[in-house]
Amino acid sequence: MTLPHIDFNWLAVIAAAVSAFVLGGIWYGPLFKRVWCREAGIDPDSAPQHPKLTFATAFGCSLLASLMFAIFLGPDANAASGFGAGFVVGLFFVAMSFGINYAFAQRSAKMWMIDAGYHIAQFSLYGLILGAWH
């Protein structure tokens, strides 16, 4: 049995993962840190207990997500179709899944909108980068 050939660009996958990491730094930093922390019940001035582990986990997850999204898009995607696919995945798969979890966990709508917005932007960026850069 032979495995099918999967065509993707490793540099584009890494660039997409880095874009999510940078976006997260801006999104959960100057844009929404205070309100997100308040909604999560976290002191915004405290650092994670193990910041290296937290950031390594976040980057590893971003790398795996961008790799699988590259495979999902396939080699025929372009910037526009990639962006559109990323927007749809971010909004209707990720954000709606978060919505279910947040409803049962009784988390605030503000927190859901912040987290959902990040993932919509994240996957839109993935699609844009991966579609534009084969």
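Scope of this entry: the structure provided in the associated data block.

What follows is about the nonpolar core. Grouped together as the largest cluster of nonpolar side chains are 20 residues, with contacts concentrated most on Phe69, Phe123, Tyr126 and Leu130. The set of elements that each furnish at least two residues to this core consists of helix H1 (10–31), helix H3 (51–73), helix H4 (79–105) and helix H5 (109–132). Apart from residues lying up to four places away in sequence, Leu130 is in contact with Ala12, Val13, Ala16, Ser66, Phe69, Ala70 and Leu73.

Under the defined criterion, the tally for this structure stands at two salt bridges. Notably, a salt bridge pairs Asp45 with Arg34, separated by 3.2 Å at the nearest N-O pair. Note that Asp45 is positioned in the loop between helix H2 (33–40) and H3 and Arg34 in helix H2, a separation of eleven residues in sequence. Since its relative accessible area comes to 58%, Asp45 is described here as exposed. Between Glu39 and Arg38 there is a salt bridge, with its nearest N and O atoms 4.0 Å apart. Classification of Arg38 as exposed rests on a relative accessible area of 53%.

Another point: unusual backbone geometry. Among all residues save glycine, negative phi is the norm, and among peptide bonds the norm is trans. Unlike most non-glycine residues, Gln106 shows phi in positive territory, near 60°. With respect to the element layout, Gln106 can be found in the loop between H4 and H5. Of the residues examined, Gln106 reaches a relative accessible area of 73% and is grouped as exposed.

Glancing now at the packing of aromatic side chains. The final tally for this structure, using the stated rule, is eleven aromatic pairs. The interplanar angle of 80° and the centroid separation of 5.8 Å between the aromatic rings of Tyr28 and Trp36 together place this pair among those described as edge-to-face. Looking at Tyr28, the relative accessible area reads 26%, which means it is partly exposed. Taking the centre distance of 5.4 Å and the plane angle of 55° together, the rings of Tyr28 and Tyr118 count as tilted. Remark: Tyr118 occurs in helix H5 and Tyr28 occurs in helix H1; sequence separation between them is 90 residues.

Rules behind the numbers
Residues numbered from 1 in each chain as written. Predicted model: local features only at pLDDT ≥ 70, side-chain atom pairs only at ≥ 80, totals over all residues. Heavy atoms only, no water. Core = buried A, V, L, I, M, F, W, Y, C linked by side-chain atoms within 4.5 Å. Buried < 20%, exposed > 50% of the residue type's maximum accessible area, 1.4 Å probe, protein only. Helix = DSSP H or I, 4+ residues; strand = E, 2+ residues; numbered from the N terminus. Contact = heavy atoms within 4.5 Å. Salt bridge = Lys/Arg side-chain N within 4 Å of Asp/Glu carboxyl O. Phe/Tyr/Trp six-rings, centres within 6.5 Å; stacked < 30°, edge-to-face > 60°.

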